[in-house]
Amino acid sequence: MNETMVCAVGNVATQPVYRELASGGSARFRLAVTARYLDREKNTWTDGHTNFFTVWANRQLATNVASSLSVGDPVVVQGRLKVRSDVREGQNWTSADIDAVAIGHDLSRGTSVFRRPNKPDMGATGAAPAQSEPSWETPPGDRVGAEAQREPEPVAVT
């Protein structure tokens, strides 16, 4: 309930690694987030410090990450921030991980094509079949009656 939710905008720094676990798919990649600022003396945009986050995705999000992202892609990541401290070989290490809820391409820096993944056929499991989209078109027989009742719109003359 009291988790730190963040939204990070950056670039995919490492190729996503996908693993199939007992609980479902899991994917991880490194995200590079670089601050940019306007250097008023030079009147140019300058790169600031780069922060690196390990982004973790699970289940269907992990599957989609593995098939959609590659190194260098500009992305927006939303998720729970987890900062961990550890001692490895006598040195203190701190890592910042994001347990992703949503990941998408940053459309301010390019275009993307969205495709829904194919869902397995649920007919064998006894689930109700998917209903088709209702037709919102006026049936041809009613169209004549509707057009017959339509009155011309008044025209304003100025």
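So, a few notes on the structure that sits alongside this text. All values reported here derive from a predicted model rather than from experimental measurement.

**Structural notes on the overall build of the protein chain**
Helix and strand counts for the protein chain come out as two helices and six strands. A burial count over the protein chain gives 20% of its 158 residues as buried. Expressed as a percentage of contacts within the protein chain between residues at least 6 apart in sequence, the contacts between residues at least 24 apart total 57%. Accessible surface for the protein chain amounts to roughly 12,900 Å². Of this, 52% is attributable to carbon and sulfur atoms.

**Some points on the packing of aromatic side chains**
Applying the stated rule across the entire model yields zero aromatic pairs. In this structure, arginine 88 packs its charged tip against the face of tryptophan 93, placed 5.3 Å from the ring centre.

**Remarks on the environment of alanine 102**
One can find alanine 102 in strand β6 (residues 91–105). Using a relative accessible area of 33% as the deciding quantity, one classes alanine 102 as partly exposed. Not counting the four nearest positions on each side in its chain, alanine 102 is found in contact with Leu61, Val76, Val77 and Gln78.

**So, the pairing of strand β1 (residues 5–12)**
As defined by bridge partners, β1 adjoins strand β5 (residues 74–88) across seven bridges and the pair is classed as antiparallel. Counterpart to alanine 8 in the pairing with β5 is valine 77. In this structure, β1 lies alongside strand β3 (residues 24–39), joined through two bridges in antiparallel fashion. The partner of asparagine 11 across the bridge, within β3, is alanine 32.

**A closer look at the pattern of salt bridges**
Pairing is possible between side chains that carry opposite charge, provided their charged atoms lie close to one another. The final tally for this structure, using the stated rule, is six salt bridges. Where aspartate 86 meets arginine 88, a salt bridge forms, and the shortest distance between an N and an O atom there is 3.2 Å. For arginine 88, a relative accessible area of 43% translates into the label partly exposed. Across the salt bridge formed by aspartate 106 and arginine 109, the nearest N and O atoms sit 3.1 Å from each other. Residue class for aspartate 106 comes out buried when judged on its relative accessible area of 10%. The exposure class of arginine 109 is partly exposed, given its relative accessible area of 43%.

**As for the environment of proline 74**
Position of proline 74 among the secondary structure elements: in strand β5. Since its relative accessible area comes to 18%, proline 74 is described here as buried. Along the primary structure proline 74 and serine 108 are separated by 34 residues, whereas in three dimensions their C-alpha atoms are 9.1 Å apart.

So, how was this worked out
Residues numbered from 1 in each chain as written. Predicted model: local features only at pLDDT ≥ 70, side-chain atom pairs only at ≥ 80, totals over all residues. Heavy atoms only, no water. Helix = DSSP H or I, 4+ residues; strand = E, 2+ residues; numbered from the N terminus. Buried < 20%, exposed > 50% of the residue type's maximum accessible area, 1.4 Å probe, protein only. Contact = heavy atoms within 4.5 Å. Areas by Shrake-Rupley, 256 points an atom, 1.4 Å probe, with all protein chains shown as cover. Phe/Tyr/Trp six-rings, centres within 6.5 Å; stacked < 30°, edge-to-face > 60°. Lys NZ or Arg CZ within 6 Å of the ring centre and 35° of its normal. Pairing = 2+ DSSP bridges. Salt bridge = Lys/Arg side-chain N within 4 Å of Asp/Glu carboxyl O.

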